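Chain by chain, the residues:
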Amino acid sequence: MLTLLAAGGAGPVVPLALLCEASQRLEGPHTPARVRDELVRLRGLVSRSEAGTEAETVGLFHQTLVEHILTREPEEAISAHWALAEAIAALAPPGTGVVDLVDPLQRYAFEREADHLWEAGDTEEALNALGNRIAASPRDNLLRWKNWEHRITHVYEPLHPDILGTQINVAYWTMQTGDRTEALRLLSSLLPDARLVLGDDSPQVLTARSNYGYLRNEAGNHEEALQIHQAVLQGRERSLGRFHRDTLFSRNLIAGIEFEHGDIRQALLMLHELYSDQVSILGPFHEDTLKSRSNIASGIGLTESPDEALSIHKEVAQARLDVLGADHPDTLKSRMNVAFWTGECGNAHEALRLGLMLLPELERVLGTDHPDTLTTRGNIAGWTGSAGINQRR
């Protein structure tokens, strides 16, 4: 039990239910009552929070004690890390939505699963675990990947594939926080080495090239971006197949450039064809399928009927809420779209109400300087004027 607590870390961080599950895997006491008896026996060494309740969390009282126990019995420490990793997989398997960081078990899984796998010697699964658990806030995901970049650069030689893969994720989450300039700088620096070491058609390099193309388009280099996305599409068709999720997503990005800077009606045809393939392959409620449906709705609004666009966006918003959760960036984007098309349908007062409700959520999840937050602030100003509301005090 002491080694298991040490593997969990200092302070009351390990949910009692997880400790029971891990202890059972080591053939130790595993009912809450017996585990609590052990904790009482170890009093003075153990820190407990909400003791005696279902929400109880435990751990050793000091980091120095943690390090002493883990270094004293390295083989037992590895077994303890494995037990905790397996307990996490059993009690808190990754889902399709974002991690609920309010839930102690989900938070512990988000923060420590990769650590346990790493300490147990399974580097590949540790890095996979980082990608399988996504927080609502891009800033939380970026911080975690940056911490891992620092960690593995002290273990591996420069240009090790795991370092390059981690840096690709750092660039991606930098982009998702809204810092497109820094993300573009990171990818420009990273891509030559990644292409050399991993190969042009490796999934990670194709993802990095796709993100680079997205950023070039956002910077106004539309023709260059289109060429990049077309090359990535060909690479994904070669290495992943025509109907892989990433291949389909490349088609979405190409249609998006056509939508914004070319022929909207042609883009709509491309999106309808893509949406049909995604429904068949990924299902109607997959996040990528819903993204295409959202884009189709906006195209319909611009070319045919704002009312129909609003109706579809409301359906997509509800589906994203059900599948991805309230704090997922895509769900927040859908709420932005519903507010926007409500305004386009002539109801500035309702659009303003929706925008004012949404803004604090965007600031909390994405940050005050994220492009979606800034866009919503601008929309609120416009709806305030359209609604004839004087904001001066």
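Up top you'll find the structure we're talking about.
These numbers were taken from a predicted model, which means no experiment stands behind them.

(A) Quick look at the overall build of the protein. A tally of regular secondary structure across the protein gives 19 helices and 3 strands. Considered along the principal axes of its C-alpha atoms, the protein spans approximately 70 × 55 × 45 Å. Here the protein holds 393 residues, and the buried ones make up 45% of them. Pairs at least 24 apart in sequence give 58% of the contacts found in the protein among residues at least 6 apart. Carbon and sulfur atoms make up 50% of the accessible area of the protein, which totals about 19000 Å².

(B) Quick look at the nonpolar core. Grouped together as the largest cluster of nonpolar side chains are 28 residues, with contacts concentrated most on Leu5, Leu18, Leu19, Leu60 and Leu84. Of all the secondary-structure elements, those providing two or more residues to this core are α1 (2–8), α2 (16–25), α3 (32–41), β3 (57–60), α4 (63–72), α5 (74–91) and α6 (104–119). Once residues lying within four places of it in the same chain are set aside, the contact partners of leucine 84 are Leu4, Ala7, Gly8, Val14, Leu18, Ala22, Tyr108 and His116. In terms of nonpolar packing, the next biggest core, distinct from the first, is built from 17 residues, Leu164, Met175, Ala183 and Leu215 among them.

(C) Representation of the sheet that holds strand β2 (residues 46–49) within the structure. Reading across from one edge, β1-β3-β2 is the order of the 3 strands in this open sheet, with antiparallel pairing throughout. Each end of this open sheet is capped by a strand with a single partner; those strands are β1 (14–15) and β2. Inspection of the sheet shows β1 paired to β3 by 2 bridges, in the antiparallel sense. Counterpart to valine 14 in the pairing with β3 is valine 58.

(D) Broad picture of the environment of glycine 121. Position of glycine 121 among the secondary structure elements: in the loop between α6 and α7 (123–132). Counting along the chain gives 39 residues from glycine 121 to tryptophan 82, while the straight-line C-alpha distance between them is 9.2 Å.

(E) Molecular detail of the packing of aromatic side chains. Within the structure shown, the criterion is met by 4 aromatic pairs. Note on tryptophan 118 and tyrosine 156: the rings are 6.3 Å apart at their centroids and 65° apart in plane angle, and the pair reads as edge-to-face. You can see tryptophan 118 sitting in helix α6 and its partner tyrosine 156 sitting in the loop between α8 (138–153) and α9 (161–176), a full 38 residues away along the chain. Three or more aromatic residues joined by ring pairs form one cluster here, namely Trp118, Trp148 and Tyr156. Seen from the ring of phenylalanine 110, arginine 144 lies directly overhead, with NZ or CZ sitting 3.9 Å from the centre.

(F) Examining the side chain of arginine 320 more closely. The residue arginine 320 is located in helix α16 (residues 306–324) in this model. No salt bridge is formed by the buried arginine 320, whose closest oppositely charged neighbour, aspartate 330, lies at an N-O distance of 4.3 Å. Among the polar contacts made by the side chain of arginine 320, one reaches the side chain of serine 334 at a distance of 2.8 Å. Non-local contacts of arginine 320, meaning those with residues more than four positions away in its chain, are made with Leu290, Lys291, Ser294, Gly325, Asp330, Thr331, Lys333 and Ser334.

(G) Quick look at the side chain of serine 298. Tracing the chain through its elements places serine 298 in helix α15 (residues 287–303). Given the relative accessible area of 17%, serine 298 is considered buried. With sequence-adjacent residues up to four places away left out, serine 298 is seen in contact with Phe259, His313 and Trp341.

(H) Looking closely at the pairing of β3. Relative to β3, β2 runs antiparallel, the two sharing 4 bridges. When the sheet's bridge partners are listed, arginine 48 is paired in β3 with valine 58.

(I) Up close: the pattern of salt bridges. Applying the stated criterion across every chain, the model contains 25 salt bridges. The closest approach of N and O atoms between glutamate 56 and arginine 36, which form a salt bridge, is 2.8 Å. Here arginine 36 lies in helix α3 and glutamate 56 lies in the loop between β2 and β3, a separation of 20 residues in the sequence. Residue glutamate 56 is classed as buried on the basis of its relative accessible area of 1%. Through salt bridges with shared partners, a single ionic network connects Arg112, Asp115, Glu119 and Arg151.

What counts as what
Residues numbered from 1 in each chain as written. Predicted model: local features only at pLDDT ≥ 70, side-chain atom pairs only at ≥ 80, totals over all residues. Heavy atoms only, no water. Helix = DSSP H or I, 4+ residues; strand = E, 2+ residues; numbered from the N terminus. Buried < 20%, exposed > 50% of the residue type's maximum accessible area, 1.4 Å probe, protein only. Contact = heavy atoms within 4.5 Å. Areas by Shrake-Rupley, 256 points an atom, 1.4 Å probe, with all protein chains shown as cover. Core = buried A, V, L, I, M, F, W, Y, C linked by side-chain atoms within 4.5 Å. Pairing = 2+ DSSP bridges. Phe/Tyr/Trp six-rings, centres within 6.5 Å; stacked < 30°, edge-to-face > 60°. Lys NZ or Arg CZ within 6 Å of the ring centre and 35° of its normal. Lys, Arg positive; Asp, Glu negative; His and termini not counted. Salt bridge = Lys/Arg side-chain N within 4 Å of Asp/Glu carboxyl O. Polar contact = N/O pair within 3.5 Å; in protein donor to acceptor, adjacent residues only side chain to side chain.

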